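# A look at the structure
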Amino acid sequence: MRRSLCLYFLPLVLLAVTGSAGATELKTLSGEAVSLDSLLTNGPVVINFWATWCGPCRLEMPRLEAIYKELHKKGVEFAAVSLDNPRLKDRVRSYVEKNKITFPVYLDSKGELARKFRVVAIPTTVVLAKNGEVVYQTRGYRPGAEIILKKKIEGYLLSLIHI
């Protein structure tokens, strides 16, 4: 039986969500600090928590890239948040370059943002409204899950038009 989740265990004492997720600082692959708030300024954001050692994550990433290429034109931002050990930053960079991932990739080596979204398994994908509200969240990856994700994002974009 194939496993569709890579488990990412968090210490139980750290599972409580505290403060604004937007205040959480991430690092780019070049070491620059970025806050989630800055990503939310342009519109909804799709955040994918992943790691290079996670097989389902590696299967999902190219499919997310395809969705990004289509929906970025409509104002949807994407962010891949690697939960790899900080010593593996070069492995993350290599994976991104080899697979031609063009959306931003950040490091959450301490798992701070992952804790705020209660990520207990990867891959986990979260769709955030511009105000930071979670409008959709999914865990794991199965072939075809990207179709559901795309439909959820498009449905959310349509709801913005009808407001």
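Each remark here, short or long, concerns the structure printed above.
To start, this report covers the structure provided alongside it.

What counts and what doesn't
- Along every chain, residues carry numbers that run from 1 in the direction the sequence is written.
- At least 70 in pLDDT is required for a residue's local features to be given in this predicted model, at least 80 for side-chain atom pairs to be given and counted, and no such filter applies to totals for whole chains, interfaces and linings, which use all residues.
- Side-chain measures were taken over the full set of non-hydrogen atoms in the model, leaving aside hydrogen atoms and water.
- Put simply, DSSP marks the helices as runs of H or I at least four residues long and the strands as runs of E at least two long, and each gets a number from the N terminus on.
- Helix span is expected to be 1.5 Å times the residue number reduced by one.
- For each residue, the accessible area found with a 1.4 Å probe, counting protein chains only, is set against the maximum for its type, and the residue is called buried under 20%, exposed over 50%, and partly exposed in between.
- Within this analysis, the arc is defined by the directions that extend from the helix axis to the C-beta atoms.
- Note on contacts: a residue pair qualifies if any of its non-hydrogen atoms lie within 4.5 Å across the two residues.
- Only buried residues count toward a nonpolar core. Its members are Ala, Val, Leu, Ile, Met, Phe, Trp, Tyr and Cys residues joined through side-chain atoms within 4.5 Å.
- Two N or O atoms form a polar contact when they lie within 3.5 Å of each other; inside protein one atom must be a possible hydrogen donor and the other a possible acceptor, and for residues adjacent in sequence the pair counts only when both atoms belong to side chains.

## Overview of helix α2 (residues 55-71)
- Taking 1.5 Å per residue, 17 residues should reach 24 Å; α2 reaches 25 Å between its end C-alpha atoms and fits that length.
- When α2 is considered as a whole, its buried residues turn out to be Pro56, Cys57, Glu60, Met61, Leu64, Glu65, Ile67, Tyr68 and Leu71.

## Describing helix α3 (residues 89-98)
- Turning to α3, its buried residues number three or more, namely Val92, Tyr95 and Val96. Buried residues of α3 fall within an arc of 100° about the axis and therefore sit on the same side. Every exposed residue of α3 that faces more than 90 degrees away from the buried side is listed here: Asp90, Glu97 and Lys98.
- Lining the buried residues of α3 we find β4 (45-50), α2, β5 (77-82) and β6 (105-107).
- Positive phi shows up at Lys100, right after α3, with a value of about 55°.

## Some points on the nonpolar core
- Among the nonpolar cores identified, the biggest contains 45 residues, and Phe49 and Ile153 are the most heavily contacted of them.
- Here the element with the most residues in this core is α2; it accounts for six residues.
- For Phe49, the residues in contact, after removing those within four places along its chain, are Val81, Leu83, Asp108, Leu113, Ala114, Phe117, Val119, Ile122, Pro123, Thr124 and Val126.

## Quick look at the environment of Asn131
- Relative to the helices and strands, Asn131 resides in the loop between β8 (124-128) and β9 (134-139).
- Through-space distance from the C-alpha of Asn131 to that of Thr41 is 8.6 Å; in sequence the pair is 90 residues apart.
- Separated by 2.9 Å, the side chain of Asn131 and the backbone nitrogen of Glu133 make a polar contact.

Structural measurements only, silent on function.
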